Amino acid sequence: MTDFFQFEADFVDSLRCIPMQVRCKLDTCGIKLKLSDWNQMTTDERQALVELPCTTETEIQSYRKHIEHLIIQRTGIPATKLPIEPHPAWLDSATVPASIQEKAQEIGVTLTQPDWAALTPLQRFALIKLSHPGHENKNFPRAMAEFHLL
(Lines give C-alpha, C1' and ligand atoms only; values in the text may rest on other atoms or scores of the structure.)
Protein backbone atom coordinates (compact mmCIF):
# COMPACT_ATOMS: atom_id res chain seq x y z
CA MET A 1 0.00 0.00 0.00
CA THR A 2 1.74 3.14 -1.17
CA ASP A 3 -1.24 5.36 -1.86
CA PHE A 4 -0.97 8.87 -0.51
CA PHE A 5 -3.89 11.19 -0.06
CA GLN A 6 -4.14 14.48 -1.93
CA PHE A 7 -4.41 16.34 1.39
CA GLU A 8 -0.91 15.03 2.19
CA ALA A 9 0.56 16.34 -1.08
CA ASP A 10 2.53 19.17 0.53
CA PHE A 11 4.82 16.75 2.38
CA VAL A 12 4.74 13.27 0.85
CA ASP A 13 7.42 13.87 -1.77
CA SER A 14 9.97 14.50 0.95
CA LEU A 15 8.24 12.32 3.57
CA ARG A 16 8.96 15.08 6.09
CA CYS A 17 5.75 14.19 7.95
CA ILE A 18 4.39 10.76 8.78
CA PRO A 19 1.82 9.82 6.11
CA MET A 20 -1.54 8.37 7.10
CA GLN A 21 -0.70 4.93 5.76
CA VAL A 22 2.32 4.72 8.10
CA ARG A 23 0.29 6.13 11.00
CA CYS A 24 -2.29 3.40 10.40
CA LYS A 25 0.43 0.74 10.47
CA LEU A 26 1.81 2.21 13.69
CA ASP A 27 -1.62 2.01 15.34
CA THR A 28 -2.02 -1.52 13.98
CA CYS A 29 1.27 -2.71 15.49
CA GLY A 30 1.03 -0.63 18.68
CA ILE A 31 4.05 1.65 18.35
CA LYS A 32 4.19 5.40 18.94
CA LEU A 33 6.47 7.25 16.56
CA LYS A 34 7.25 10.88 17.25
CA LEU A 35 7.79 13.21 14.33
CA SER A 36 11.26 14.00 15.74
CA ASP A 37 12.10 10.27 15.60
CA TRP A 38 10.69 9.98 12.07
CA ASN A 39 12.87 12.91 10.98
CA GLN A 40 16.01 11.16 12.28
CA MET A 41 15.40 8.29 9.86
CA THR A 42 16.85 8.26 6.38
CA THR A 43 14.62 8.74 3.37
CA ASP A 44 15.10 5.07 2.47
CA GLU A 45 14.07 4.00 5.99
CA ARG A 46 10.95 6.16 5.81
CA GLN A 47 10.13 4.80 2.36
CA ALA A 48 10.49 1.25 3.67
CA LEU A 49 7.98 2.02 6.42
CA VAL A 50 5.58 3.19 3.71
CA GLU A 51 6.08 0.07 1.61
CA LEU A 52 6.34 -2.70 4.19
CA PRO A 53 3.09 -4.63 4.61
CA CYS A 54 1.31 -4.62 7.97
CA THR A 55 -1.90 -6.58 7.53
CA THR A 56 -1.49 -10.20 8.62
CA GLU A 57 -0.40 -11.12 12.14
CA THR A 58 3.04 -12.13 10.84
CA GLU A 59 3.41 -8.84 8.93
CA ILE A 60 2.28 -6.85 11.99
CA GLN A 61 4.88 -8.57 14.20
CA SER A 62 7.58 -8.03 11.60
CA TYR A 63 6.64 -4.35 11.15
CA ARG A 64 6.69 -3.82 14.93
CA LYS A 65 10.15 -5.37 15.25
CA HIS A 66 11.43 -3.33 12.32
CA ILE A 67 10.15 0.00 13.66
CA GLU A 68 11.35 -0.80 17.19
CA HIS A 69 14.82 -1.51 15.80
CA LEU A 70 14.82 1.71 13.76
CA ILE A 71 13.72 3.86 16.69
CA ILE A 72 16.36 2.50 19.05
CA GLN A 73 19.02 2.69 16.32
CA ARG A 74 18.21 6.34 15.54
CA THR A 75 17.37 7.67 19.02
CA GLY A 76 18.96 5.28 21.49
CA ILE A 77 15.61 5.10 23.28
CA PRO A 78 13.23 2.12 23.10
CA ALA A 79 9.99 2.67 21.22
CA THR A 80 6.91 3.62 23.21
CA LYS A 81 4.27 0.92 22.94
CA LEU A 82 0.62 1.77 22.50
CA PRO A 83 -2.37 -0.44 23.24
CA ILE A 84 -3.64 -2.15 20.13
CA GLU A 85 -7.33 -1.67 19.55
CA PRO A 86 -8.81 -5.18 19.09
CA HIS A 87 -11.67 -3.84 16.94
CA PRO A 88 -10.50 -0.56 15.42
CA ALA A 89 -13.23 1.82 14.30
CA TRP A 90 -11.65 2.20 10.86
CA LEU A 91 -12.30 -1.49 10.18
CA ASP A 92 -15.95 -1.21 11.21
CA SER A 93 -17.85 -0.15 8.12
CA ALA A 94 -21.21 -0.53 9.88
CA THR A 95 -20.84 2.25 12.47
CA VAL A 96 -19.89 5.87 11.89
CA PRO A 97 -17.98 7.02 15.00
CA ALA A 98 -19.59 9.87 16.92
CA SER A 99 -16.39 11.94 16.65
CA ILE A 100 -16.64 11.78 12.86
CA GLN A 101 -20.32 12.75 12.88
CA GLU A 102 -19.59 15.73 15.14
CA LYS A 103 -16.64 16.92 13.04
CA ALA A 104 -18.63 16.50 9.82
CA GLN A 105 -21.53 18.48 11.27
CA GLU A 106 -19.12 21.32 12.11
CA ILE A 107 -18.58 21.74 8.38
CA GLY A 108 -22.26 21.25 7.55
CA VAL A 109 -22.13 17.62 6.42
CA THR A 110 -24.09 14.61 7.62
CA LEU A 111 -22.14 11.43 7.05
CA THR A 112 -24.41 8.45 6.46
CA GLN A 113 -23.60 4.83 7.21
CA PRO A 114 -23.56 3.95 3.48
CA ASP A 115 -21.09 6.81 2.92
CA TRP A 116 -18.91 5.46 5.73
CA ALA A 117 -19.17 1.88 4.44
CA ALA A 118 -18.11 3.00 0.94
CA LEU A 119 -14.80 4.34 2.25
CA THR A 120 -11.67 2.21 2.37
CA PRO A 121 -10.32 1.32 5.82
CA LEU A 122 -7.43 3.76 5.25
CA GLN A 123 -9.85 6.57 4.37
CA ARG A 124 -11.84 5.82 7.53
CA PHE A 125 -8.60 5.80 9.54
CA ALA A 126 -7.63 9.20 8.11
CA LEU A 127 -10.98 10.75 9.00
CA ILE A 128 -10.78 9.36 12.53
CA LYS A 129 -7.28 10.78 13.00
CA LEU A 130 -8.19 14.12 11.44
CA SER A 131 -11.24 14.46 13.69
CA HIS A 132 -9.24 14.24 16.94
CA PRO A 133 -9.10 17.43 18.99
CA GLY A 134 -5.79 19.22 18.68
CA HIS A 135 -4.99 17.69 15.30
CA GLU A 136 -4.32 20.00 12.40
CA ASN A 137 -8.00 20.09 11.49
CA LYS A 138 -7.59 22.00 8.22
CA ASN A 139 -7.14 18.63 6.54
CA PHE A 140 -10.47 17.20 7.72
CA PRO A 141 -12.54 19.20 5.19
CA ARG A 142 -9.89 18.51 2.54
CA ALA A 143 -10.15 14.77 3.22
CA MET A 144 -13.96 14.92 3.17
CA ALA A 145 -13.80 16.62 -0.24
CA GLU A 146 -11.18 14.18 -1.53
CA PHE A 147 -13.36 11.25 -0.44
CA HIS A 148 -16.38 12.81 -2.22
CA LEU A 149 -18.30 13.37 1.01
CA LEU A 150 -19.00 17.11 0.59
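Bear in mind the structure is a predicted one, so any value in this text is a computation, not a measurement.

*Asks:* What should I look at first to understand the pattern of salt bridges in this one?
*Replies:* Think of it this way: side chains of opposite charge can pair up when their charged atoms draw near. Applying the stated criterion to the full structure yields 4 salt bridges. The salt bridge involving E45 is made with R74; its shortest N-O contact spans 2.7 Å. Here E45, found in helix α4 (residues 43-51), pairs with R74, found in helix α5 (residues 57-75); they are 29 residues apart in sequence, far enough to count as distant. When the shortest N-O distance is used, the salt bridge between K103 and E106 registers 3.1 Å. In this pair, K103 and E106 both sit in helix α6 (residues 98-106), 3 residues apart, roughly one turn of the helix.

*Asks:* Where do I start with the nonpolar core in this structure?
*Replies:* If you look at soluble globular proteins, the nonpolar side chains tend to sit buried side by side. Judged by nonpolar contacts, the single largest core of 23 residues is most densely connected at F7, W116, L127 and F147. For this core, the secondary-structure elements that each account for two or more residues are α2 (20-29), α6, α8 (121-131) and α9 (139-146). Sort the elements by how many residues they give to this core and α8 lands first, with 6 residues. When near neighbours in sequence (up to four residues on either side) are disregarded, L127 contacts I100, W116, L119, F140, A143, M144, F147 and L149.

*Asks:* Could you clarify how one ought to interpret α8 in this entry?
*Replies:* Helical geometry note: an α-helix holds 3.6 residues per turn, so side chains three or four residues apart project in the same direction. Taken across its 11 residues, α8 has 10 buried, putting it largely inside the fold. Buried within α8 are the following residues: L122, Q123, R124, F125, A126, L127, I128, K129, L130 and S131. Against α2, α6, α7 (113-118) and α9 lie the buried residues of α8.

*Asks:* Help me understand α9, please; the structure alone is not making it clear to me.
*Replies:* If you check which residues of α9 are buried, you get N139, F140, A143, M144 and E146. What you see down the axis of α9 is that its buried residues fit within an arc of 165°, all on one side. Buried residues in α9 make contact with α6 and α8. Following α9 by one or two positions, H148 adopts a phi angle in the positive range, close to 60°.

Each value, and the rule that gives it
- Residues numbered from 1 in each chain as written.
- Predicted model: local features only at pLDDT ≥ 70, side-chain atom pairs only at ≥ 80, totals over all residues.
- Heavy atoms only, no water.
- Salt bridge = Lys/Arg side-chain N within 4 Å of Asp/Glu carboxyl O.
- Helix = DSSP H or I, 4+ residues; strand = E, 2+ residues; numbered from the N terminus.
- Core = buried A, V, L, I, M, F, W, Y, C linked by side-chain atoms within 4.5 Å.
- Buried < 20%, exposed > 50% of the residue type's maximum accessible area, 1.4 Å probe, protein only.
- Contact = heavy atoms within 4.5 Å.
- Arc of directions from axis to C-beta.

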